[in-house]
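Chain by chain, the residues run as shown.
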Amino acid sequence: MNSLRNSIIGHEALFNAWSKLISKESLEGTFLFVGPSGIGKIKSTFAMIQQVLCEGELDQACGQCGSCLRVSQRQHESVLHIQAEGASIKVDQAHDVLHFCQLRSLSKKRFVIIEEAEKLRAATANILLKTLEEPPHGTVFILTAASTTSVLSTIRSRAKVFKFNPLSIEDMQKHQVGPDWAILASQGRMDRLTELVENQNFEFRKSWAHFLNQLLTSDDFLSQEAWKDLVKNREDLKMGLSFMLSMIRDASFLYWNEKDVLRNMDLRDDLKKLSQMPMEKLEVTFVKILELQKQQAFNKDAVLSFESLYIGLR
Ligand SMILES: [Zn+2]
């Protein structure tokens, strides 16, 4: 069994800062973990808590002791995890926090996690302000939120901020968390990546593979209407461009008969068609798509961009 830390990619600087606080025995007060959703704030929170509550002698969590196991199962008696039920955190939940703080602590530290602290409305926040300002000895508060500005300033001013940045593409690729096209499209968010890979994945890619084939081979591309809807959605277009690059990359590997490195084997019929096209044409298309991606052509008329790409390829 590994520690939770081992399953987390990136956020090195934050873990280092956290470790430093532990080693200086100055881990106390209220923390505000900010960053877009799906970036790993809660997962990291539990990993950091595991590091503190581990019964072992090491600075890192062993991942195996009873305490580590209870943290990873989210059942540790010294951790209270508050999540909003609906649009706001309820007054009752604030009272749960106060009650937890009054209990006798059973371990060296205990933690209160308040997820989505932007959902703390003034009335509820007021109940907690004094405690957040000065948590009882040995109690650490960790609040998470999308941004510092989304949280009431009365809370913000009492907290030490840990800023979670999106993962770098390199980090994600190094750990092979998903296919390249999805990594590029996920913009450093693991939840987006999972969604891409698991849900819309196949149908979405299938329709873009079809689009790519039409762009390269169809005689009446300009008069077709279906693809124009496909490229109109900004988010879809971003993903579509990344995906088309990965298809062309695959097609050229297939052309050279390097089948081991293909990333889109589930679309082998489309890949085969692509790989039979003149390599030169594929290369030009690849470069053009890269350009579209770089120019962030999304603000411009995407339909126009593809029309001129099509004409250029003729
Ligand atoms: Zn442990």
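Residues numbered from 1 in each chain as written. Predicted model: local features only at pLDDT ≥ 70, side-chain atom pairs only at ≥ 80, totals over all residues.

Colleague: Help me get a handle on the sheet that holds strand 1 (residues 29–34), residues and values and all.
Modeller: Read from one edge to the other, the open sheet built from five strands follows the order 2-3-4-1-5, with strand pairing classed as parallel. The open sheet has two edge strands, strand 2 (79–82) and strand 5 (160–163), and neither has a second partner. Ignoring which end each strand starts from, the neighbouring axes of this sheet average 20 degrees apart. Direction of pairing for strand 2 relative to strand 3 (residues 110–114): parallel, over a ladder of four bridges. (Pairing = 2+ DSSP bridges. Helix = DSSP H or I, 4+ residues; strand = E, 2+ residues; numbered from the N terminus. Axes fitted to C-alpha atoms, helices over the stretch in contact; angles between N-to-C directions.)

Colleague: Requested: an account of the environment of Ala13, with residues and values cited.
Modeller: Tracing the backbone through its elements, the reader meets Ala13 in helix 1 (residues 12–23). For Ala13, a count of 11 C-beta atoms within 10 Å gives the class exposed. On a C-alpha basis, the gap between Ala13 and Lys163 in space is 9.8 Å, while along the polypeptide they are 150 residues apart. (Buried ≥ 20, exposed ≤ 12 C-beta atoms within 10 Å, placed from the backbone.)

Colleague: Break down the nonpolar core for me, citing the residues and quoting the values.
Modeller: Ranked by internal contacts, the top residues of the largest apolar core, which has 38 residues, are Phe31, Leu32, Ile49, Ile114, Ala117 and Leu143. For this core, the secondary-structure elements that each account for two or more residues are strand 1, helix 2 (41–53), helix 3 (66–72), strand 2, helix 4 (91–102), strand 3, helix 5 (122–133) and strand 4 (139–145). Broken down by element, this core gets its largest block of residues, six residues, from helix 2. In terms of nonpolar packing, the next biggest core, distinct from the first, is built from 32 residues, Trp227, Met244, Ile248 and Leu274 among them. (Core = buried A, V, L, I, M, F, W, Y, C linked by C-beta atoms within 7 Å.)

Colleague: Account for the packing of helix 12 (residues 234–255) against helix 13 (residues 268–275), naming residues and giving values.
Modeller: One way to put it is that helix 12 packs onto helix 13 with a least axis distance of 8 Å and a crossing angle of 70 degrees. Relative to helix 13, helix 12 is oriented roughly perpendicular. Along this stretch, helix 12 crosses helix 13, giving a crossing that reads as right-handed. Of the residues in helix 13, those touching helix 12 at Met247, Ile248, Asp250, Ala251, Leu254 and Tyr255 are Leu271, Lys272, Leu274 and Ser275. For the contact of helix 12 with helix 13, the per-class residue count stands at seven nonpolar, one polar and two charged. (Parallel < 35°, antiparallel > 145°, perpendicular 65-115°, else oblique. Left-handed = near helix turned anticlockwise from the far one by under 90°. Contact = placed C-beta atoms within 7 Å. Nonpolar A, V, L, I, M, F, W, Y, C, P; charged D, E, K, R; others polar.)

Colleague: Help me get a handle on the environment of Leu216, residues and values and all.
Modeller: By the element assignment, Leu216 lies in helix 10 (residues 201–217). With sequence-adjacent residues up to four places away left out, Leu216 is seen in contact with Met277, Lys281, Thr285 and Leu313.

Colleague: An account of the packing of helix 10 against helix 12 is requested, with residue identities and associated values reported.
Modeller: Contact pair helix 10 / helix 12: the axes reach a minimum separation of 10 Å and the direction vectors enclose 70 degrees. It follows from the interaxial angle that helix 10 and helix 12 lie roughly perpendicular. For the element pair helix 10 and helix 12, the recorded crossing hand is right-handed. Here Arg205, Trp208, Ala209 and Leu212 of helix 10 come into contact with helix 12, specifically with Gly240, Phe243, Met244 and Met247.

Colleague: So what about helix 1? Which residues, and what values?
Modeller: Between its first and last C-alpha, helix 1 extends 16 Å over 12 residues, near the 16 Å set by a 1.5 Å rise per residue. Burial analysis of helix 1 places just one of its 12 residues in the buried class, which makes it a mostly uncovered element. Following helix 1 by one or two positions, Glu25 adopts a phi angle in the positive range, close to 55 degrees. (Expected span 1.5 Å × (residues − 1).)

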